[in-house]
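# Summary of the model geometry
Listed here are the chains, written in short residue letters.
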Amino acid sequence: MILTRYFLTAEFDEYENLFIKYGAREKKFRKKENLPTISGSDGSHHISYYIKKGIAKLILIDENGDENIMLFMGSGSLYPIHVVQDMFSLENGFLYIAAVTELEVLAFPAEKVEEMIRDGNHDFAIDCLKHYNILVNNLLTRGLLNTYNSSMQFVCSVMYLFLYYNASADNMISLTQDDIARITSLSRMQVARIIARLKAEKIAETGRNQIKILDVPALKDYCSYVVNDTE
């Protein structure tokens, strides 16, 4: 079991027809393009996105303008799940979604999520609750890792979890050192030192915007205890 997730996928893939029934429309976004989450001149209309194909990332911009990647979202993901007014308002900062790859999405008024739930789609309501459990667990684990664990543990945990939830045949993960720095809130220099150590120990090697894990068990040995046995 993995206690936290930095890559969400297949959470809502069984509800694609439900979203279409409630007015969802297909849209495409280019790589690195931002996905608007509000519309209208007064900003009163929120937009939810169901990802059909591709990968997006949820980014927090703090009051100093610094970016922190909260998580990545693959096919079957839904964000934002808007069920109460002003639930995405932040006191000092804001969240936005950006395309990591080319995206194919279904877009619909975010308020429709509450309508779907009130109309008796109980399984969908339960999956929305599970989604928020994951988000809360993500935030709690970040605090735990930042407080009690070394930078080495945190970086290795992120890499391992990302590999586990976005596995490829050759153990490649589409993360840059900048991505890892933004996820962990460490400096790029700190991350570079850790990656250099992993390379020296033949645990990982870097490529263009990718990291290849050469020794998964060795990487896992460096992880925090929040990464449990997956077997």
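Residues numbered from 1 in each chain as written. Predicted model: local features only at pLDDT ≥ 70, side-chain atom pairs only at ≥ 80, totals over all residues. Heavy atoms only, no water.

Time to look at the overall build of the protein. What the protein contains, in helices and strands, is 7 helices and 13 strands. Taken across its 231 residues, the protein has 43% of its residues classed as buried. Of the contacts formed within the protein by residues at least 6 apart in sequence, a portion of 74% connects residues at least 24 apart. Counting every atom, the protein has about 12200 Å² of accessible surface; 48% of that belongs to carbon and sulfur. (Helix = DSSP H or I, 4+ residues; strand = E, 2+ residues; numbered from the N terminus. Buried < 20%, exposed > 50% of the residue type's maximum accessible area, 1.4 Å probe, protein only. Contact = heavy atoms within 4.5 Å. Areas by Shrake-Rupley, 256 points an atom, 1.4 Å probe, with all protein chains shown as cover.)

What follows concerns empty space enclosed by the protein. The final tally for this structure, using the stated rule, is 1 cavity of 30 Å³ or more. If you add up the space inside the largest cavity, you get close to 40 Å³. Looking at the largest cavity, the residues that line it are Leu35, Tyr49, Ile51, Ala56, Met73, Ser77, Leu78, Tyr79 and Ile97. The set of elements that each furnish at least two residues to the lining of the largest cavity consists of strand E5 (45-53) and strand E8 (78-79). Residues that form the lining of the largest cavity fall into these classes: 8 nonpolar, 1 polar and no charged. (1 Å grid on protein atoms, 1.4 Å probe; cavity = no way out; pocket = protein on both sides within 12 Å on 5 of 7 lines; lining within 4 Å. Points joined across faces, edges and corners; volume = space filled by probe spheres on them. Nonpolar A, V, L, I, M, F, W, Y, C, P; charged D, E, K, R; others polar.)

Below, the discussion takes up the nonpolar core. In terms of nonpolar packing, the biggest core is built from 36 residues, with Met159 and Leu198 touching the most fellow members. Looking at this core, the elements with two or more residues in it are strand E6 (56-62), strand E7 (67-73), strand E9 (93-99), helix H4 (151-165), helix H5 (177-184), helix H6 (188-200), strand E13 (210-213) and helix H7 (216-221). Top element by residues in this core is H4. It accounts for 10 residues. What Met159 contacts, discounting residues up to four positions off in sequence, is Ile173, Ile180, Ile195, Leu198, Ile211, Ile213 and Leu219. (Core = buried A, V, L, I, M, F, W, Y, C linked by side-chain atoms within 4.5 Å.)

Looking at the largest pocket, its volume works out to about 480 Å³. Along the wall of the largest pocket there are 17 residues; nearest its centre are Lys31, Val100, Thr176, Asp179 and Asn209. Per-element accounting of the lining of the largest pocket gives the leading share, 3 residues, to H5.

With that settled, consider the pattern of salt bridges. All told, the structure shown has 7 salt bridges when counted by the stated rule. Across the pair Asp127 and Lys130 runs a salt bridge whose closest N-O atoms are separated by 3.9 Å. Taken as a pair, Asp127 and Lys130 lie in helix H3 (residues 122-148) at a separation of 3 residues, close to a single helical turn. The buried category is assigned to Asp127, whose relative accessible area is 14%. Connected via shared salt-bridge partners are Glu16, Glu26 and Lys52. (Salt bridge = Lys/Arg side-chain N within 4 Å of Asp/Glu carboxyl O.)

Another aspect to go through is the packing of H4 against H5. Two quantities define a packed helix pair, namely the angle between the axes and the distance from one axis to the other. Contact pair H4 / H5: the axes reach a minimum separation of 10 Å and the direction vectors enclose 115°. With respect to each other, H4 and H5 are oriented roughly perpendicular. In this structure, the crossing between H4 and H5 has a hand that is right-handed. For the pair formed by H4 and H5, the contact residues are Phe154, Val155, Val158 and Met159 on the first element and Ile180, Ile183 and Thr184 on the second. Looking at the contact of H4 with H5 residue by residue, the classes come out as 6 nonpolar, 1 polar and no charged. (Axes fitted to C-alpha atoms, helices over the stretch in contact; angles between N-to-C directions. Parallel < 35°, antiparallel > 145°, perpendicular 65-115°, else oblique. Left-handed = near helix turned anticlockwise from the far one by under 90°.)

Purely spatial values, then, with no claim about function.
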